[in-house]
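# Structural characterization, general
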Amino acid sequence: MRYSSTNGPIDLVGIGIGPANLSLAALLKRHPRVRARFFERRAEFQWHAGLMLPNASLQVPFLKDLVSLVDPTSELSFLQFLATHKRLLCFINANFPQVLRREFNQYYRWACEQLDTLDFGREVDAVELDGETLIVRGNGWSQPTRSVVLGTGLQAAVPDCAKPWLSTTLLHASQYLINNNPVEGKRVVVIGGGQTGAEVFHHLLSDSGAMPASVTWASRRWNFAPLDESSFTNELYTPGYSNYFYDLPETLRATLLAEQKLASDGVSSALLEAIYRRVYELRYVTGMSCNLQLRPARELIAVARRGDGWSITFRHLQRQTHETIHADIVVLCTGYAYGMPACLDAIADRIERSGDGYVVNPDYSVRWDGPKGCRIYVQNAAKHQRGIADPNLGLIPWRCAQIINSVAGCQLYDVDEAAPFVHWEAQPMAVQSGTPDLEMMS
Ligand SMILES: Cc1cc2nc3c(=O)[nH]c(=O)nc-3n(C[C@H](O)[C@H](O)[C@H](O)COP(=O)(O)OP(=O)(O)OC[C@H]3O[C@@H](n4cnc5c(N)ncnc54)[C@H](O)[C@@H]3O)c2cc1C
(Lines give C-alpha, C1' and ligand atoms only; values in the text may rest on other atoms or scores of the structure.)
Protein backbone atom coordinates (compact mmCIF):
# COMPACT_ATOMS: atom_id res chain seq x y z
CA MET A 1 0.00 0.00 0.00
CA ARG A 2 1.13 3.52 -0.70
CA TYR A 3 0.53 5.41 2.53
CA SER A 4 2.18 8.68 3.46
CA SER A 5 4.39 9.05 6.52
CA THR A 6 3.10 11.01 9.51
CA ASN A 7 4.85 14.30 8.74
CA GLY A 8 4.84 14.33 4.96
CA PRO A 9 1.96 15.06 2.67
CA ILE A 10 -1.25 13.22 3.48
CA ASP A 11 -2.76 10.73 1.01
CA LEU A 12 -5.85 12.60 -0.05
CA VAL A 13 -7.53 15.99 0.18
CA GLY A 14 -11.21 16.22 -0.73
CA ILE A 15 -12.35 19.64 -1.97
CA GLY A 16 -16.04 20.29 -1.28
CA ILE A 17 -18.28 18.30 1.05
CA GLY A 18 -21.50 17.39 -0.72
CA PRO A 19 -22.91 13.84 -0.84
CA ALA A 20 -20.04 12.73 -3.12
CA ASN A 21 -17.05 13.59 -0.95
CA LEU A 22 -19.07 12.83 2.19
CA SER A 23 -19.46 9.28 0.89
CA LEU A 24 -15.69 9.14 0.33
CA ALA A 25 -15.04 10.32 3.89
CA ALA A 26 -17.60 7.84 5.26
CA LEU A 27 -16.03 4.90 3.40
CA LEU A 28 -12.57 5.94 4.59
CA LYS A 29 -13.68 5.76 8.24
CA ARG A 30 -12.89 2.03 8.22
CA HIS A 31 -9.48 2.72 6.70
CA PRO A 32 -7.80 5.42 8.81
CA ARG A 33 -4.39 4.47 7.40
CA VAL A 34 -5.40 6.36 4.28
CA ARG A 35 -4.77 9.81 5.69
CA ALA A 36 -7.42 12.17 4.36
CA ARG A 37 -8.90 15.60 5.01
CA PHE A 38 -11.91 17.26 3.44
CA PHE A 39 -12.49 21.01 3.08
CA GLU A 40 -15.84 22.74 2.55
CA ARG A 41 -16.42 26.47 2.05
CA ARG A 42 -19.78 26.47 3.83
CA ALA A 43 -19.90 26.68 7.60
CA GLU A 44 -21.93 23.46 7.82
CA PHE A 45 -23.25 20.67 5.60
CA GLN A 46 -26.11 21.81 3.40
CA TRP A 47 -27.67 19.82 0.60
CA HIS A 48 -29.11 22.22 -2.01
CA ALA A 49 -30.68 24.42 0.68
CA GLY A 50 -32.30 26.71 -1.91
CA LEU A 51 -34.47 23.81 -3.10
CA MET A 52 -35.18 21.99 0.15
CA LEU A 53 -38.93 22.21 -0.43
CA PRO A 54 -41.16 20.76 2.30
CA ASN A 55 -42.48 17.78 0.32
CA ALA A 56 -39.55 17.14 -2.01
CA SER A 57 -38.52 13.52 -1.96
CA LEU A 58 -35.48 11.55 -2.94
CA GLN A 59 -35.40 10.27 -6.50
CA VAL A 60 -33.52 7.12 -5.56
CA PRO A 61 -34.22 4.34 -3.04
CA PHE A 62 -32.80 5.11 0.41
CA LEU A 63 -30.39 2.17 0.09
CA LYS A 64 -28.46 4.42 -2.26
CA ASP A 65 -27.08 6.20 0.78
CA LEU A 66 -23.45 7.14 1.48
CA VAL A 67 -22.12 3.64 1.95
CA SER A 68 -24.50 0.68 1.52
CA LEU A 69 -23.71 -0.10 -2.10
CA VAL A 70 -20.16 -1.17 -1.26
CA ASP A 71 -20.31 -1.52 2.54
CA PRO A 72 -23.81 -2.46 3.76
CA THR A 73 -22.52 -3.15 7.28
CA SER A 74 -21.12 0.37 7.69
CA GLU A 75 -22.07 2.27 10.84
CA LEU A 76 -22.83 5.25 8.58
CA SER A 77 -25.74 3.75 6.63
CA PHE A 78 -29.17 5.38 6.47
CA LEU A 79 -30.63 2.42 8.38
CA GLN A 80 -28.08 2.95 11.15
CA PHE A 81 -29.09 6.63 11.25
CA LEU A 82 -32.73 5.58 11.69
CA ALA A 83 -31.83 3.05 14.37
CA THR A 84 -29.62 5.52 16.26
CA HIS A 85 -32.49 8.00 16.36
CA LYS A 86 -34.97 5.29 17.44
CA ARG A 87 -37.18 5.79 14.40
CA LEU A 88 -36.57 2.57 12.51
CA LEU A 89 -39.93 0.92 13.28
CA CYS A 90 -41.91 4.11 12.70
CA PHE A 91 -40.03 4.59 9.44
CA ILE A 92 -41.04 1.09 8.36
CA ASN A 93 -44.65 1.71 9.40
CA ALA A 94 -44.77 5.06 7.59
CA ASN A 95 -44.06 3.18 4.36
CA PHE A 96 -42.96 6.27 2.45
CA PRO A 97 -42.93 5.72 -1.31
CA GLN A 98 -39.69 7.79 -1.24
CA VAL A 99 -37.76 9.31 1.64
CA LEU A 100 -38.15 13.07 2.07
CA ARG A 101 -35.06 15.00 0.96
CA ARG A 102 -35.21 16.83 4.30
CA GLU A 103 -34.76 13.53 6.13
CA PHE A 104 -31.84 12.52 3.91
CA ASN A 105 -30.28 15.90 4.67
CA GLN A 106 -30.63 15.10 8.39
CA TYR A 107 -28.91 11.78 7.71
CA TYR A 108 -26.05 13.49 5.85
CA ARG A 109 -25.60 15.98 8.69
CA TRP A 110 -25.59 13.16 11.25
CA ALA A 111 -22.91 11.34 9.21
CA CYS A 112 -20.82 14.53 9.24
CA GLU A 113 -20.92 14.49 13.06
CA GLN A 114 -19.40 10.99 13.08
CA LEU A 115 -16.37 11.97 11.02
CA ASP A 116 -13.29 13.80 12.26
CA THR A 117 -11.75 14.34 8.83
CA LEU A 118 -14.11 17.15 7.76
CA ASP A 119 -13.27 20.87 7.91
CA PHE A 120 -16.16 23.27 7.32
CA GLY A 121 -15.80 26.99 6.69
CA ARG A 122 -12.64 26.42 4.64
CA GLU A 123 -12.77 27.47 1.02
CA VAL A 124 -10.02 26.06 -1.16
CA ASP A 125 -8.57 28.91 -3.24
CA ALA A 126 -5.76 27.11 -5.03
CA VAL A 127 -4.21 23.75 -5.83
CA GLU A 128 -0.52 24.08 -6.70
CA LEU A 129 2.29 21.71 -7.49
CA ASP A 130 5.46 21.81 -5.41
CA GLY A 131 7.88 19.20 -6.71
CA GLU A 132 6.20 15.84 -6.21
CA THR A 133 3.48 17.19 -3.91
CA LEU A 134 0.17 18.96 -4.43
CA ILE A 135 -0.44 21.91 -2.10
CA VAL A 136 -4.05 22.74 -1.34
CA ARG A 137 -4.36 26.34 -0.15
CA GLY A 138 -7.03 28.43 1.52
CA ASN A 139 -7.01 31.76 3.26
CA GLY A 140 -4.10 31.45 5.74
CA TRP A 141 -3.75 27.67 5.60
CA SER A 142 -2.33 24.98 3.34
CA GLN A 143 -2.33 21.18 3.21
CA PRO A 144 0.25 19.12 1.27
CA THR A 145 -1.15 15.95 -0.26
CA ARG A 146 -0.40 13.23 -2.80
CA SER A 147 -3.86 13.34 -4.31
CA VAL A 148 -6.88 15.60 -4.55
CA VAL A 149 -10.52 14.59 -5.02
CA LEU A 150 -12.66 17.34 -6.54
CA GLY A 151 -16.17 17.13 -5.12
CA THR A 152 -17.13 20.70 -5.92
CA GLY A 153 -20.46 19.84 -7.57
CA LEU A 154 -22.13 21.51 -10.53
CA GLN A 155 -22.79 25.17 -11.22
CA ALA A 156 -26.17 26.76 -11.97
CA ALA A 157 -26.82 26.87 -15.73
CA VAL A 158 -28.50 30.12 -16.83
CA PRO A 159 -29.56 30.87 -20.44
CA ASP A 160 -27.36 33.60 -21.96
CA CYS A 161 -30.27 35.99 -22.50
CA ALA A 162 -31.11 35.88 -18.77
CA LYS A 163 -27.56 36.24 -17.40
CA PRO A 164 -27.42 40.08 -17.41
CA TRP A 165 -30.69 40.25 -15.47
CA LEU A 166 -30.06 37.86 -12.57
CA SER A 167 -31.50 39.48 -9.44
CA THR A 168 -33.82 38.77 -6.53
CA THR A 169 -36.85 38.55 -8.82
CA LEU A 170 -35.21 36.81 -11.79
CA LEU A 171 -33.27 33.98 -10.25
CA HIS A 172 -31.90 30.51 -10.77
CA ALA A 173 -33.87 27.85 -8.88
CA SER A 174 -30.87 27.16 -6.63
CA GLN A 175 -31.73 30.50 -4.95
CA TYR A 176 -35.49 29.89 -4.77
CA LEU A 177 -35.90 29.37 -1.01
CA ILE A 178 -32.92 31.53 -0.14
CA ASN A 179 -34.58 34.54 -1.77
CA ASN A 180 -38.00 33.52 -0.50
CA ASN A 181 -39.92 36.07 -2.57
CA PRO A 182 -43.49 36.68 -1.38
CA VAL A 183 -45.64 35.44 -4.28
CA GLU A 184 -49.16 36.35 -3.20
CA GLY A 185 -50.88 38.27 -5.98
CA LYS A 186 -47.74 38.16 -8.18
CA ARG A 187 -47.29 36.95 -11.76
CA VAL A 188 -44.75 34.14 -11.62
CA VAL A 189 -43.05 32.36 -14.53
CA VAL A 190 -41.26 29.04 -14.00
CA ILE A 191 -38.92 28.05 -16.83
CA GLY A 192 -37.74 24.44 -17.17
CA GLY A 193 -39.69 21.19 -17.46
CA GLY A 194 -37.52 18.91 -15.32
CA GLN A 195 -37.97 17.79 -11.72
CA THR A 196 -36.95 21.17 -10.30
CA GLY A 197 -39.40 23.09 -12.51
CA ALA A 198 -42.15 20.70 -11.42
CA GLU A 199 -41.26 21.03 -7.73
CA VAL A 200 -41.24 24.82 -7.89
CA PHE A 201 -44.53 24.98 -9.86
CA HIS A 202 -46.18 22.64 -7.36
CA HIS A 203 -44.81 24.60 -4.42
CA LEU A 204 -46.16 27.89 -5.81
CA LEU A 205 -49.66 26.39 -5.82
CA SER A 206 -49.45 24.73 -2.44
CA ASP A 207 -50.44 27.56 -0.10
CA SER A 208 -54.11 28.32 -0.70
CA GLY A 209 -53.81 31.34 1.58
CA ALA A 210 -51.11 33.08 -0.47
CA MET A 211 -51.73 32.26 -4.10
CA PRO A 212 -49.95 34.07 -6.94
CA ALA A 213 -52.13 35.97 -9.44
CA SER A 214 -50.76 33.75 -12.20
CA VAL A 215 -48.24 30.97 -12.64
CA THR A 216 -46.85 30.01 -16.04
CA TRP A 217 -44.79 26.85 -16.39
CA ALA A 218 -42.81 26.73 -19.62
CA SER A 219 -40.59 23.97 -20.96
CA ARG A 220 -38.57 23.30 -24.10
CA ARG A 221 -39.81 19.70 -23.99
CA TRP A 222 -42.85 18.90 -26.12
CA ASN A 223 -44.77 17.79 -23.00
CA PHE A 224 -44.34 17.59 -19.22
CA ALA A 225 -42.63 14.24 -19.37
CA PRO A 226 -42.15 11.61 -16.67
CA LEU A 227 -38.91 10.20 -15.38
CA ASP A 228 -38.36 6.73 -16.77
CA GLU A 229 -37.89 4.62 -13.63
CA SER A 230 -38.57 1.24 -15.19
CA SER A 231 -36.38 -1.70 -14.22
CA PHE A 232 -34.43 -1.94 -17.44
CA THR A 233 -33.78 1.79 -17.51
CA ASN A 234 -32.46 1.47 -13.97
CA GLU A 235 -29.82 -0.88 -15.40
CA LEU A 236 -28.20 2.32 -16.71
CA TYR A 237 -27.41 3.06 -13.07
CA THR A 238 -25.19 0.01 -12.61
CA PRO A 239 -21.39 -0.25 -12.57
CA GLY A 240 -21.65 -2.69 -15.51
CA TYR A 241 -23.37 -0.11 -17.70
CA SER A 242 -21.05 2.67 -16.52
CA ASN A 243 -18.04 0.56 -17.58
CA TYR A 244 -19.66 -0.37 -20.90
CA PHE A 245 -20.49 3.28 -21.64
CA TYR A 246 -16.93 4.32 -20.79
CA ASP A 247 -15.55 2.17 -23.63
CA LEU A 248 -17.92 3.50 -26.33
CA PRO A 249 -16.75 6.02 -28.97
CA GLU A 250 -17.20 9.67 -27.94
CA THR A 251 -19.82 10.52 -30.60
CA LEU A 252 -21.94 7.52 -29.67
CA ARG A 253 -21.73 8.44 -25.99
CA ALA A 254 -23.05 11.93 -26.81
CA THR A 255 -25.94 10.48 -28.85
CA LEU A 256 -26.88 8.07 -26.08
CA LEU A 257 -26.81 10.81 -23.42
CA ALA A 258 -29.35 12.79 -25.45
CA GLU A 259 -31.53 9.69 -25.97
CA GLN A 260 -31.41 8.79 -22.29
CA LYS A 261 -32.39 12.24 -21.03
CA LEU A 262 -35.71 11.20 -19.51
CA ALA A 263 -34.00 8.38 -17.62
CA SER A 264 -32.39 11.05 -15.44
CA ASP A 265 -34.08 14.41 -16.03
CA GLY A 266 -37.78 13.58 -16.28
CA VAL A 267 -40.29 14.46 -13.55
CA SER A 268 -41.31 11.76 -11.09
CA SER A 269 -44.74 10.38 -12.06
CA ALA A 270 -46.11 10.94 -8.55
CA LEU A 271 -45.29 14.65 -8.75
CA LEU A 272 -46.81 15.02 -12.22
CA GLU A 273 -49.97 13.42 -10.90
CA ALA A 274 -50.00 15.70 -7.83
CA ILE A 275 -49.61 18.75 -10.10
CA TYR A 276 -52.39 17.61 -12.41
CA ARG A 277 -54.71 17.03 -9.45
CA ARG A 278 -53.88 20.43 -7.95
CA VAL A 279 -54.59 22.18 -11.25
CA TYR A 280 -57.90 20.32 -11.46
CA GLU A 281 -58.74 21.25 -7.87
CA LEU A 282 -57.92 24.92 -8.40
CA ARG A 283 -59.82 25.12 -11.66
CA TYR A 284 -62.95 23.12 -10.80
CA VAL A 285 -63.26 22.63 -7.05
CA THR A 286 -61.89 25.58 -5.09
CA GLY A 287 -62.60 28.05 -7.88
CA MET A 288 -59.53 30.12 -7.02
CA SER A 289 -58.64 32.91 -9.38
CA CYS A 290 -54.97 31.98 -9.94
CA ASN A 291 -54.39 31.94 -13.70
CA LEU A 292 -52.44 28.78 -14.55
CA GLN A 293 -50.63 28.45 -17.85
CA LEU A 294 -48.87 25.23 -18.87
CA ARG A 295 -46.72 25.90 -21.91
CA PRO A 296 -44.52 23.11 -23.29
CA ALA A 297 -42.43 23.38 -26.49
CA ARG A 298 -41.36 26.91 -25.53
CA GLU A 299 -37.77 28.11 -25.55
CA LEU A 300 -36.75 31.24 -23.69
CA ILE A 301 -35.18 33.62 -26.22
CA ALA A 302 -35.28 37.10 -24.66
CA VAL A 303 -35.59 38.87 -21.33
CA ALA A 304 -36.16 42.59 -20.80
CA ARG A 305 -37.06 44.90 -17.94
CA ARG A 306 -40.64 46.15 -17.90
CA GLY A 307 -41.38 48.58 -15.09
CA ASP A 308 -40.66 46.74 -11.83
CA GLY A 309 -41.11 43.40 -13.55
CA TRP A 310 -40.01 41.41 -16.57
CA SER A 311 -40.92 40.85 -20.16
CA ILE A 312 -40.15 37.25 -21.11
CA THR A 313 -40.20 36.08 -24.73
CA PHE A 314 -40.48 32.44 -25.81
CA ARG A 315 -40.22 30.82 -29.21
CA HIS A 316 -42.81 28.09 -29.81
CA LEU A 317 -40.62 25.26 -31.04
CA GLN A 318 -43.31 23.59 -33.15
CA ARG A 319 -45.01 26.69 -34.62
CA GLN A 320 -41.87 28.89 -34.72
CA THR A 321 -43.96 31.80 -33.39
CA HIS A 322 -43.06 34.10 -30.51
CA GLU A 323 -44.96 34.75 -27.26
CA THR A 324 -44.23 37.46 -24.72
CA ILE A 325 -45.35 37.19 -21.11
CA HIS A 326 -45.10 39.79 -18.36
CA ALA A 327 -43.98 38.65 -14.95
CA ASP A 328 -43.06 39.90 -11.49
CA ILE A 329 -40.93 36.87 -10.60
CA VAL A 330 -39.08 34.50 -12.93
CA VAL A 331 -37.60 31.24 -11.64
CA LEU A 332 -35.05 29.62 -13.97
CA CYS A 333 -35.17 25.86 -13.44
CA THR A 334 -32.64 25.49 -16.23
CA GLY A 335 -30.37 22.93 -14.65
CA TYR A 336 -26.72 22.66 -13.76
CA ALA A 337 -23.47 22.18 -15.66
CA TYR A 338 -19.94 21.22 -14.74
CA GLY A 339 -17.27 23.89 -14.74
CA MET A 340 -13.64 23.43 -13.76
CA PRO A 341 -13.32 25.08 -10.31
CA ALA A 342 -11.22 28.24 -10.16
CA CYS A 343 -8.96 26.68 -7.50
CA LEU A 344 -7.37 24.59 -10.30
CA ASP A 345 -6.29 27.66 -12.30
CA ALA A 346 -2.58 27.24 -11.46
CA ILE A 347 -2.45 23.75 -13.01
CA ALA A 348 -5.40 23.96 -15.42
CA ASP A 349 -3.29 24.01 -18.60
CA ARG A 350 -1.62 20.74 -17.56
CA ILE A 351 -4.96 18.90 -17.40
CA GLU A 352 -6.17 17.15 -20.55
CA ARG A 353 -9.63 18.26 -21.72
CA SER A 354 -12.14 16.86 -24.14
CA GLY A 355 -14.76 19.46 -25.10
CA ASP A 356 -16.05 20.90 -21.84
CA GLY A 357 -14.95 17.92 -19.75
CA TYR A 358 -11.80 16.31 -18.40
CA VAL A 359 -10.34 13.15 -19.89
CA VAL A 360 -11.01 10.77 -17.01
CA ASN A 361 -9.16 7.48 -16.43
CA PRO A 362 -11.07 4.34 -15.34
CA ASP A 363 -10.17 5.08 -11.68
CA TYR A 364 -11.72 8.58 -11.97
CA SER A 365 -8.36 10.36 -11.98
CA VAL A 366 -7.93 12.97 -14.70
CA ARG A 367 -5.21 12.71 -17.31
CA TRP A 368 -2.61 15.38 -16.72
CA ASP A 369 1.14 15.86 -17.09
CA GLY A 370 1.91 16.17 -13.37
CA PRO A 371 4.22 13.79 -11.47
CA LYS A 372 3.10 10.15 -11.65
CA GLY A 373 2.40 9.90 -7.92
CA CYS A 374 0.19 13.02 -7.84
CA ARG A 375 -3.39 12.33 -8.85
CA ILE A 376 -6.45 14.51 -9.24
CA TYR A 377 -9.69 12.54 -9.01
CA VAL A 378 -13.12 13.89 -9.96
CA GLN A 379 -16.59 13.23 -8.63
CA ASN A 380 -19.67 14.26 -10.59
CA ALA A 381 -17.60 15.43 -13.57
CA ALA A 382 -17.52 12.47 -15.95
CA LYS A 383 -21.05 12.21 -17.33
CA HIS A 384 -19.64 12.47 -20.87
CA GLN A 385 -17.53 9.34 -20.19
CA ARG A 386 -19.55 7.46 -17.57
CA GLY A 387 -23.17 8.15 -18.58
CA ILE A 388 -26.27 9.53 -16.89
CA ALA A 389 -25.55 7.89 -13.53
CA ASP A 390 -22.48 10.02 -12.94
CA PRO A 391 -24.16 13.17 -11.47
CA ASN A 392 -26.67 11.18 -9.42
CA LEU A 393 -26.50 9.66 -5.95
CA GLY A 394 -26.90 6.05 -7.10
CA LEU A 395 -23.33 5.06 -7.92
CA ILE A 396 -21.47 7.45 -5.63
CA PRO A 397 -20.24 4.78 -3.13
CA TRP A 398 -19.03 2.57 -5.98
CA ARG A 399 -17.13 5.49 -7.53
CA CYS A 400 -15.65 6.39 -4.14
CA ALA A 401 -14.59 2.78 -3.59
CA GLN A 402 -12.71 2.89 -6.89
CA ILE A 403 -11.00 6.13 -5.88
CA ILE A 404 -10.06 4.67 -2.49
CA ASN A 405 -8.60 1.53 -4.10
CA SER A 406 -6.62 3.67 -6.51
CA VAL A 407 -5.25 5.98 -3.78
CA ALA A 408 -4.39 3.01 -1.53
CA GLY A 409 -2.87 1.05 -4.41
CA CYS A 410 -4.79 -2.09 -3.38
CA GLN A 411 -8.35 -3.41 -3.25
CA LEU A 412 -9.71 -2.05 0.06
CA TYR A 413 -13.23 -2.34 -1.36
CA ASP A 414 -14.61 -5.02 -3.62
CA VAL A 415 -15.87 -3.13 -6.68
CA ASP A 416 -16.56 -6.19 -8.83
CA GLU A 417 -20.30 -6.33 -9.33
CA ALA A 418 -22.38 -9.26 -10.57
CA ALA A 419 -22.95 -9.03 -14.32
CA PRO A 420 -25.95 -6.84 -15.17
CA PHE A 421 -29.10 -8.60 -16.47
CA VAL A 422 -28.69 -6.91 -19.83
CA HIS A 423 -25.82 -7.97 -22.12
CA TRP A 424 -24.75 -4.51 -23.21
CA GLU A 425 -21.47 -5.75 -24.61
CA ALA A 426 -21.25 -7.51 -28.00
CA GLN A 427 -20.71 -11.23 -27.40
CA PRO A 428 -18.24 -13.41 -29.28
CA MET A 429 -20.12 -15.82 -31.54
CA ALA A 430 -18.94 -18.95 -29.69
CA VAL A 431 -21.89 -21.02 -28.47
CA GLN A 432 -21.68 -21.82 -24.77
CA SER A 433 -23.58 -24.69 -23.21
CA GLY A 434 -26.92 -23.55 -21.79
CA THR A 435 -27.04 -20.30 -23.78
CA PRO A 436 -29.08 -19.80 -26.93
CA ASP A 437 -27.36 -20.25 -30.27
CA LEU A 438 -26.58 -16.63 -31.21
CA GLU A 439 -26.09 -17.45 -34.88
CA MET A 440 -29.54 -18.98 -35.13
CA MET A 441 -31.14 -16.04 -33.35
CA SER A 442 -29.66 -13.36 -35.59
C1 LIG B 1 -32.35 19.99 -5.68
C2 LIG B 1 -31.61 18.75 -6.12
C3 LIG B 1 -32.08 17.51 -5.72
C4 LIG B 1 -31.41 16.36 -6.11
N5 LIG B 1 -31.95 15.16 -5.75
C6 LIG B 1 -31.35 14.03 -6.18
C7 LIG B 1 -31.94 12.76 -5.88
O8 LIG B 1 -32.97 12.67 -5.23
N9 LIG B 1 -31.30 11.64 -6.35
C10 LIG B 1 -30.17 11.72 -7.09
O11 LIG B 1 -29.64 10.68 -7.47
N12 LIG B 1 -29.60 12.91 -7.38
C13 LIG B 1 -30.17 14.06 -6.96
N14 LIG B 1 -29.61 15.26 -7.29
C15 LIG B 1 -28.36 15.28 -8.08
C16 LIG B 1 -27.09 15.07 -7.19
O17 LIG B 1 -27.21 13.90 -6.45
C18 LIG B 1 -26.85 16.21 -6.24
O19 LIG B 1 -26.64 17.37 -7.00
C20 LIG B 1 -25.65 16.03 -5.29
O21 LIG B 1 -25.74 17.04 -4.34
C22 LIG B 1 -24.29 16.05 -5.96
O23 LIG B 1 -23.32 15.92 -4.95
P24 LIG B 1 -21.85 16.58 -5.02
O25 LIG B 1 -21.19 16.22 -3.73
O26 LIG B 1 -21.20 16.16 -6.29
O27 LIG B 1 -22.06 18.15 -5.16
P28 LIG B 1 -22.73 19.23 -4.20
O29 LIG B 1 -23.82 18.64 -3.40
O30 LIG B 1 -23.07 20.38 -5.08
O31 LIG B 1 -21.57 19.67 -3.19
C32 LIG B 1 -20.43 20.37 -3.63
C33 LIG B 1 -19.87 21.12 -2.44
O34 LIG B 1 -18.58 21.65 -2.77
C35 LIG B 1 -18.43 22.90 -2.13
N36 LIG B 1 -17.34 23.64 -2.80
C37 LIG B 1 -17.32 24.04 -4.10
N38 LIG B 1 -16.14 24.67 -4.36
C39 LIG B 1 -15.42 24.66 -3.22
C40 LIG B 1 -14.12 25.15 -2.86
N41 LIG B 1 -13.33 25.78 -3.74
N42 LIG B 1 -13.70 24.97 -1.59
C43 LIG B 1 -14.48 24.32 -0.68
N44 LIG B 1 -15.72 23.84 -0.97
C45 LIG B 1 -16.18 24.01 -2.22
C46 LIG B 1 -19.81 23.53 -2.25
O47 LIG B 1 -20.00 24.55 -1.29
C48 LIG B 1 -20.72 22.31 -2.01
O49 LIG B 1 -21.08 22.17 -0.65
C50 LIG B 1 -30.24 16.44 -6.92
C51 LIG B 1 -29.77 17.69 -7.32
C52 LIG B 1 -30.46 18.84 -6.93
C53 LIG B 1 -29.95 20.18 -7.42
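Residues numbered from 1 in each chain as written. Predicted model: local features only at pLDDT ≥ 70, side-chain atom pairs only at ≥ 80, totals over all residues. Heavy atoms only, no water.

This brings us to unusual backbone geometry. Excluding glycine, a negative phi dihedral is what most residues carry, and trans is how most peptide bonds are arranged. The backbone phi angle of H48 is positive, close to 45°, even though this residue is not glycine. Structurally, H48 can be placed in the loop between β2 (36-40) and α2 (78-84). (Helix = DSSP H or I, 4+ residues; strand = E, 2+ residues; numbered from the N terminus.)

Along its sequence, the protein is carved into domain 1 (12-154 + 338-408) and domain 2 (156-227 + 266-332). For domain 1 and domain 2, the distance between their C-alpha centres works out to 32 Å. Of the residues lining the interface, ten residues belong to domain 1; the matching set on domain 2 comes to 14 residues. Overall, the association of domain 1 and domain 2 removes approximately 830 Å² of surface from exposure, summing both partners, and the carbon and sulfur fraction of that is 62%. Counting the surface domain 1 buries against domain 2, the share from its top three residues, L51, L53 and Q59, is 59%. The interface formed by domain 1 and domain 2 holds one salt bridge in total. The salt bridge partner of E199 is R101, with a shortest N-O separation of 2.9 Å. (Domains from an automatic or database assignment. Contact = heavy atoms within 4.5 Å. Buried area = accessible area lost by both parts, 1.4 Å probe. Salt bridge = Lys/Arg side-chain N within 4 Å of Asp/Glu carboxyl O.)

The three strands lie next to each other as β4-β5-β6, forming an open sheet whose pairing is antiparallel. Looking along the sheet, the strands with just one partner apiece sit at the ends: β4 (126-130) and β6 (141-145). With direction set aside, neighbouring strand axes in the sheet form an average angle of 25°. Examined bridge by bridge, strand β5 (residues 133-138) and β6 share five bridges and lie antiparallel to one another. (Pairing = 2+ DSSP bridges. Axes fitted to C-alpha atoms, helices over the stretch in contact; angles between N-to-C directions.)

What follows deals with the nonpolar core. Judged by nonpolar contacts, the single largest core of 86 residues is most densely connected at L22, L24, F38, Y108, V127, L150 and Y358. When residues in this core are grouped by element, the largest group, eight residues, is from helix α13 (residues 396-408). Discounting chain neighbours no more than four positions away, the residues touching L22 are I17, F45, L66, Y108, C112, L115 and L118. One finds L51, A173, F224 and I329 within the second-largest nonpolar core, a separate group that totals 29 residues. (Core = buried A, V, L, I, M, F, W, Y, C linked by side-chain atoms within 4.5 Å. Buried < 20%, exposed > 50% of the residue type's maximum accessible area, 1.4 Å probe, protein only.)

Turning our eyes to something else, we now look at the environment of Q195. With respect to the helices and strands, Q195 occurs in helix α6 (residues 195-204). Between the C-alpha atom of Q195 and that of M288, which follows or precedes it by 93 residues, the distance is 25 Å. When neighbours within four sequence positions are excluded, Q195 is seen to be in contact with Q59, D265, G266, V267, S268 and L271.

A few words on the site of the ligand. Around the ligand lies a shell of 28 residues, among which E40, W47, H48, Q59 and L393 are the nearest. At 2.8 Å, a side-chain N or O of W47 approaches an oxygen atom of the ligand. H48 places a side-chain nitrogen or oxygen 2.8 Å from an oxygen atom of the ligand. Considered on its own, the ligand offers 990 Å² of accessible surface; in the complex 90% of this is hidden by protein. For the shell around the ligand, the secondary-structure elements that each account for two or more residues are α1 (19-28) and β2. (Near = heavy atom within 4 Å. Polar contact = N/O pair within 3.5 Å; in protein donor to acceptor, adjacent residues only side chain to side chain. Areas by Shrake-Rupley, 256 points an atom, 1.4 Å probe, with all protein chains shown as cover.)

Another aspect to go through is the confidence of the model for the protein. Within the protein, residue pLDDT values average 94, and 95% of them lie at 70 or more. In this model residues 1-6 is a low-confidence stretch, pLDDT under 50, and it forms 21 contacts with partners more than four residues away in sequence or in other chains. (pLDDT = per-residue confidence, 0-100.)

The strand order across the open sheet formed by five strands is β3-β2-β1-β7-β20, and the pairing between neighbours is parallel. Both edges of this open sheet fall to β3 (118-120) and β20 (375-378), since each of them pairs with a single strand only. On average, each strand axis in the sheet is tilted by 20° relative to the strand beside it, whichever way the strands run. As paired elements, strand β1 (residues 12-15) and β2 share four bridges and run parallel to each other. Bridge assignment links G14 to a residue of β2, and that residue is F38. Running over the sheet, α1 touches β1, β2, β3 and β7 (147-150) and is turned about 155° from β2.

Positionally, N380 belongs in the loop between β20 and α12 (383-386). If sequence neighbours within four positions are ignored, N380 has contacts with G153, L154, Y338, D390, P391 and R399.

A word on the packing of aromatic side chains. Counted according to the given criterion, the structure contains 26 aromatic pairs. Note on F62 and F78: the rings are 5.5 Å apart at their centroids and 45° apart in plane angle, and the pair reads as tilted. One end of the pair, F62, is in the loop between β2 and α2; the other, F78, is in helix α2, with 16 residues separating them in the sequence. Centroid distance Y241 to W424: 4.6 Å. Interplanar angle 70°. Geometry classified as edge-to-face. Taken together, the positions of Y241 in helix α8 (residues 239-246) and W424 in the loop between α13 and α14 (438-441) put the pair 183 residues apart, joining distant regions of the chain. Note on Y241: relative accessible area 3%, which makes it buried. These aromatic residues form a ring-pair network of at least three members: F45, W47, F62, F78, F81, F91, F96, F104, Y107, Y108 and W110. Across the ring face of Y364, the terminal group of R399 is positioned such that the distance to the ring centre comes to 6.0 Å. (Phe/Tyr/Trp six-rings, centres within 6.5 Å; stacked < 30°, edge-to-face > 60°. Lys NZ or Arg CZ within 6 Å of the ring centre and 35° of its normal.)

Below, the discussion takes up helix α11 (residues 269-285). Compared with an ideal rise of 1.5 Å per residue, which puts 17 residues at 24 Å, α11 spans 23 Å between its outermost C-alpha atoms and is within 8% of the ideal. Of all the positions in α11, only L271, L272, I275, R278, V279 and L282 are classed as buried. Along the axis of α11, the buried residues cluster in a sector spanning 125°; they form a single face. Opposite its buried face, α11 presents the exposed residues A270, Y276, R277, Y284 and V285, each directed more than 90 degrees away. Tucked inside the fold, the buried residues of α11 contact α6, β11 (214-218) and β12 (291-295). (Expected span 1.5 Å × (residues − 1). Arc of directions from axis to C-beta.)

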